[in-house]
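# Summary of structural features
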Amino acid sequence: MYRGQDIGDRDQLVATCIQILRSGSEAERYKILPHVSVTRCKRFLDPLLELLRSKSAQDKEFAALALGALGDPAAIEPLFAVLQDTYIFSKGRNRSLEAAVILTLGEIGHEKAVALLLQVYGMRYLDEPSAHNRKVNVLSALGLLAQQGSESAVGELLTLAAEEVSDRQAQAVTELSVAYWHRAHQVPDTVLKMMYRMTGAGADEVRKAAVAALSTLANLGCRRAAGYFSAPA
């Protein structure tokens, strides 16, 4: 049985983890996720892609989570291919798998995921009652990309914040704010101006989200955000 304290050097650790990926139990696989995240060894990529191609939704979901921990852009296209399987997600099935794959596309942090996420945003599967959850997850994934410096993800969130229904508008505004929490002095003026406009327009939840977004950025040291609170009405 796998026990972290029994493993020696890095090569032994990676070899043991790969063996678990290929023949271990589900519980054992989840125990090695921290090692995948810390080592980020490229040797994990092939066995994880094998699991992603499994017929088991549980295997696919674990693989998606582990690929997010690995952070290798080579996984982006295979992950997108999973989302194109119209049968596995028809009738609202396998929501947790879908969420794991979408969020992993954002977590990997590569710019080429943005265009694919926008395709996912517009997807609608056979006999599906609603695409709302998928859109919410895509907004979260775009937010993860924006946190990692993706300017195109920021641009798409701005567009969706202007065009979407109120609850997703509010989420897009919040995602944009969170993207700059660790670099509040770098918030683009276009983002701040959009937030300010939304403090006085749209549904109540959108106005509240915009006020909270500006207030948080101001509290984190963004003087331009703070200036909007003293701007004339």
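So, here's what we can say about the structure. (Residues numbered from 1 in each chain as written. Predicted model: local features only at pLDDT ≥ 70, side-chain atom pairs only at ≥ 80, totals over all residues. Heavy atoms only, no water.)

## A few points about the side chain of Thr 39
Position of Thr 39 relative to the elements: it lies in helix H3 (residues 33–39). Assessed through its relative accessible area of 16%, Thr 39 is described here as buried. Discounting chain neighbours no more than four positions away, the residues touching Thr 39 are Arg 10, Leu 13 and Phe 44. (Helix = DSSP H or I, 4+ residues; strand = E, 2+ residues; numbered from the N terminus. Buried < 20%, exposed > 50% of the residue type's maximum accessible area, 1.4 Å probe, protein only. Contact = heavy atoms within 4.5 Å.)

## Digging into unusual backbone geometry
If you check the backbone angles, Arg 40 has positive phi at about 45 degrees while not being a glycine. Mapped onto the secondary structure, Arg 40 falls in the loop between H3 and helix H4 (45–52). The class of Arg 40 is partly exposed, set by a relative accessible area of 45%. Phi angles above zero are rare outside glycine, and Asn 94 is one such case at about 55 degrees. Along the chain, Asn 94 falls in the loop between helix H6 (76–83) and helix H7 (95–108). Classification of Asn 94 by relative accessible area gives partly exposed; the value is 29%.

## What about the side chain of Thr 104?
Position of Thr 104 among the secondary structure elements: in helix H7. Take Thr 104: its relative accessible area is 1%, and that puts it in the buried class. A polar contact is formed between the side chain of Thr 104 and the backbone oxygen of Ala 100, at a distance of 2.8 Å. With residues near it in sequence (within four places) discarded, Thr 104 still touches Ala 64, Leu 65, Leu 67, Gly 68 and Leu 79. (Polar contact = N/O pair within 3.5 Å; in protein donor to acceptor, adjacent residues only side chain to side chain.)

## Digging into the pattern of salt bridges
Under the counting rule described, the total for this entry stands at eleven salt bridges. A salt bridge links Glu 128 to Arg 95, with the nearest nitrogen and oxygen atoms 3.6 Å apart. With a gap of 33 residues between them, Glu 128 in the loop between helix H8 (113–121) and helix H9 (132–147) and Arg 95 in helix H7 connect regions that are remote in the sequence. Note that Glu 98 and Arg 134 form a salt bridge whose closest N and O atoms lie 2.8 Å from each other. Of this pair, Glu 98 sits in helix H7 while Arg 134 sits in helix H9, and the two are 36 residues apart along the sequence. A relative accessible area of 1% places Glu 98 in the buried class. Arg 134 gets classed as buried once you look at its relative accessible area, which sits at 1%. It is possible to trace a salt-bridge network through shared partners that takes in Arg 95, Glu 98, Arg 124, Glu 128 and Arg 134. (Salt bridge = Lys/Arg side-chain N within 4 Å of Asp/Glu carboxyl O.)

Function cannot be read off these values alone, since they describe shape.
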